[in-house]
Amino acid sequence: MPEYQLYCFAQSGNAYRAALMLNLIGADWAPVFVDFFVKGEQRTPEYRTNVNEMGEVPVLVHGAKKLSQSGVILTYLAERSGQYLPQGEDERLEALRWIIFDNQKVNGFLGPYRFLRIFAKPPGDPKVLAFLKGRIDNNLAIVDKRLAARPFILGERPTIADVSLVAYLYYPAQEFGFDIAAEHRNIAAWLGRMRALPGWAHPYDLMPGHPMPGA
Ligand SMILES: N[C@@H](CCC(=O)N[C@@H](CS)C(=O)NCC(=O)O)C(=O)O
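Keep in mind it's a predicted model, so treat the numbers as computed, not measured. (Residues numbered from 1 in each chain as written. Predicted model: local features only at pLDDT ≥ 70, side-chain atom pairs only at ≥ 80, totals over all residues. Heavy atoms only, no water.)

**A look at the pattern of salt bridges**
This is how the line gets drawn: We define a salt bridge as a side-chain nitrogen of Lys or Arg found within 4 Å of a carboxyl oxygen belonging to Asp or Glu. The way it works is that DSSP assigns letters per residue, a run of H or I at least four long becomes a helix, a run of E at least two long becomes a strand, and they are numbered from the N terminus. Here the term buried applies to any residue with accessible area under 20% of the maximum for its type, exposed to any over 50%, and partly exposed to those in between, with areas from a 1.4 Å probe on protein chains only.
Counted by the stated rule, this structure contains seven salt bridges. Between R114 and E175 there is a salt bridge, and its shortest N-O distance comes to 2.7 Å. Taken as a pair, R114 in helix α5 (residues 107-119) and E175 in helix α8 (residues 173-176) lie far apart in primary sequence, 61 residues in all. What makes R114 buried here is its relative accessible area of 2%. Linked by salt bridges that have partners in common, E94, R97 and R146 make up one network.

**A few points about the pairing of strand β2 (residues 29-33)**
Spelled out, the test is: At least two bridges found by DSSP between two strands is the condition for calling them paired. Seen with the strands pointing away from the viewer, any crossover whose path from the first strand over the helix to the second strand runs clockwise is right-handed.
Of the pairings in the sheet, the one linking strand β1 (residues 4-8) to β2 comprises five bridges and is parallel in character. For Y7, the partnering residue across the bridge sits in β2 and is V32. Handedness of the β-α-β unit built from β1, helix α1 (residues 13-24) and β2 comes out right-handed.

**What about helix α6 (residues 126-148)?**
Short version of the rule: Expected span of a helix, by definition, is 1.5 Å for each gap between consecutive residues, and there is one gap fewer than residues. Pairs of residues are marked as contacts when any of their non-hydrogen atoms sit within 4.5 Å. Polar contact is defined as a pair of N or O atoms within 3.5 Å, subject to the rule that within protein one atom must be able to donate a hydrogen and the other to accept it, and that residues adjacent in sequence are counted only when both atoms are side-chain atoms.
If you check α6, its first and last C-alpha atoms are 32 Å apart, about what 23 residues at 1.5 Å a residue would give, namely 33 Å. Listed as buried for α6 are L129, L132, I136, N139, L140, V143, D144, R146 and L147. Among the structural elements, α4 (88-105), α5, α7 (160-165), α9 (180-183) and α10 (185-195) are those in contact with the buried residues of α6. Where α6 begins, one side-chain oxygen reaches toward the backbone nitrogen of K127, 2.8 Å away; that side chain belongs to D125.

**Here's the deal with the site of the ligand**
Our working definition: Only a single heavy atom is needed: when it lies within 4 Å of a molecule or strand, its residue is near that molecule or strand. In these tables, accessible area is a Shrake-Rupley quantity obtained with a 1.4 Å probe, and a residue counts as shielded only by the protein chains included in the view. Each cavity reported here is a set of points on a 1 Å grid over the protein atoms alone in which a 1.4 Å probe fits but cannot get out, each pocket an open set with protein on both sides within 12 Å along at least five of seven lines, and each lining residue one with an atom within 4 Å of a point. To decide whether a molecule occupies a pocket or cavity, check its atoms: if more than half lie within 2 Å of the grid points, it is inside.
Surveying the vicinity of the ligand reveals 14 residues, the closest of which are Q42, R43, V57, Q69 and S70. Here a nitrogen atom of the ligand sits 2.8 Å away from a polar atom, N or O, in the side chain of Q69. When the free accessible area of the ligand is taken as 520 Å², the share hidden by the protein chains comes to 80%. Judged by the proximity of its atoms to the pocket grid, the ligand belongs to the largest pocket.

The structure is reproduced here in structure tokens:
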């Protein structure tokens, strides 16, 4: 059995953070498919009792440990492997600051926006989508500005702050209805730098469930 198991599915950018990190550190891991779209498995009482009381992916299993929240998983893997690890108190706090901003305001809006656009039946209310799009544009611009002055979020080296922030950014532009890389040149260059890291793989190649049945 592989050392790590990751509950995930291909369309989840939240899970991609953890899957990508496992690949980047060269971990021995295997995905455990969660049928989010057809069975809503993450909402079942069994899942909430046995896997994650929060009813979410990703969940990382490592021996007796079962971790959820991608920021926690990234921290755990960075500390265990010594890779993508922020160094010293200032960097640790800075990484946490960007991971929280990402979870709440960057990919935290981008994920639901894409979900409401292409997966929800019926699709989301246009007013809700317009609200989210305004926040997304604003927050991506903040990340783009940050990356104008440095190659990675904390500086010269990639850390878990970068692995967190790429969550939804490699999914195809047509899934969002706008092209993030074309609209944000510094983000585009940074996504290229992240893509060049040994172990990088696209979310649709890394996690099971793509294409969706019937798609
Ligand atoms: N902040 C969490 C977000 C996790 C999350 O929202 N995952 C979604 C899938 S992309 C989920 O499982 N949602 C449960 C549901 O909608 O029922 C993290 O970073 O791990």
